Amino acid sequence: QVQLVESGGGLVQPGGSLRLSCVASGSIYSMLTIGWYRQAPGKQRELVALFTTTELTNYADSAKGRCTISRDNAKHTVYLQINSLNPEETAVYYCNLVDIGRVSWGKGTQVTVSS
């Protein structure tokens, strides 16, 4: 079983920045992708950014230029730096890991962008 624990969310003013963290633990076999999704109120969950099987990065168009995904393999942690946040990005941000035969989700961390 894989456990994903997100942290780093909170209330931030428009134009501000946050760095989210996701710590992975448990039995992970042949990880395929790991990354971040978000779900705004009343909307479907959508990709923000992820690492592919070959450790390349893939960003949603809305995230390009303002978001950076990074990882620390020694700490089993994936980060998401988000800059220039706007109120439309208020959402629950989820960590996602796909390995062979499984899709795992964390419980999410709330990001609220408001003045």
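Residues numbered from 1 in each chain as written. Predicted model: local features only at pLDDT ≥ 70, side-chain atom pairs only at ≥ 80, totals over all residues. Heavy atoms only, no water.

Visitor: So what about the side chain of Asp99? Which residues, and what values?
Guide: Looking at the element boundaries, Asp99 is found in strand S9 (residues 91-99). Residue Asp99 is classed as buried on the basis of its relative accessible area of 1%. Among the polar contacts listed, one links the side chain of Asp99 to the side chain of Arg102, at a separation of 2.5 Å. Beyond its immediate sequence surroundings of up to four residues, Asp99 is in contact with Val2, Ser27, Ile28, Tyr29, Ser30, Met31 and Leu32. (Helix = DSSP H or I, 4+ residues; strand = E, 2+ residues; numbered from the N terminus. Buried < 20%, exposed > 50% of the residue type's maximum accessible area, 1.4 Å probe, protein only. Polar contact = N/O pair within 3.5 Å; in protein donor to acceptor, adjacent residues only side chain to side chain. Contact = heavy atoms within 4.5 Å.)

Visitor: Describe the pattern of salt bridges, and please don't skip the residues or the numbers.
Guide: Applying the stated criterion across every chain yields a total of five salt bridges. With its nearest N and O atoms 2.9 Å apart, the salt bridge here joins Arg38 to Glu46. Using a relative accessible area of 7% as the deciding quantity, one classes Arg38 as buried. Residue classification places Glu46 among the partly exposed positions, given a relative accessible area of 37%. (Salt bridge = Lys/Arg side-chain N within 4 Å of Asp/Glu carboxyl O.)

Visitor: I'd like to hear about the state of the cysteines, residue by residue, with values.
Guide: Per the stated rule, a full pass over the model turns up one disulfide. The disulfide that involves Cys22 links it to Cys95, with 2.1 Å between the sulfurs. Between Cys22 and Cys95 the disulfide shows an S-S torsion of about -80°. By sign, it is left-handed. Linking Cys22 in strand S3 (residues 18-26) with Cys95 in strand S9, this pair joins segments that are 73 residues apart in sequence. For the pair shown, Cys22 and Cys95 are each scored as buried. There is no disulfide at Cys67, and the cysteine sulfur nearest it, in Cys95, is 15 Å away. Residue classification places Cys67 among the buried residues on the basis of a relative accessible area of 5%. (Disulfide = S-S within 2.5 Å.)

Keep in mind these values describe shape, not function.
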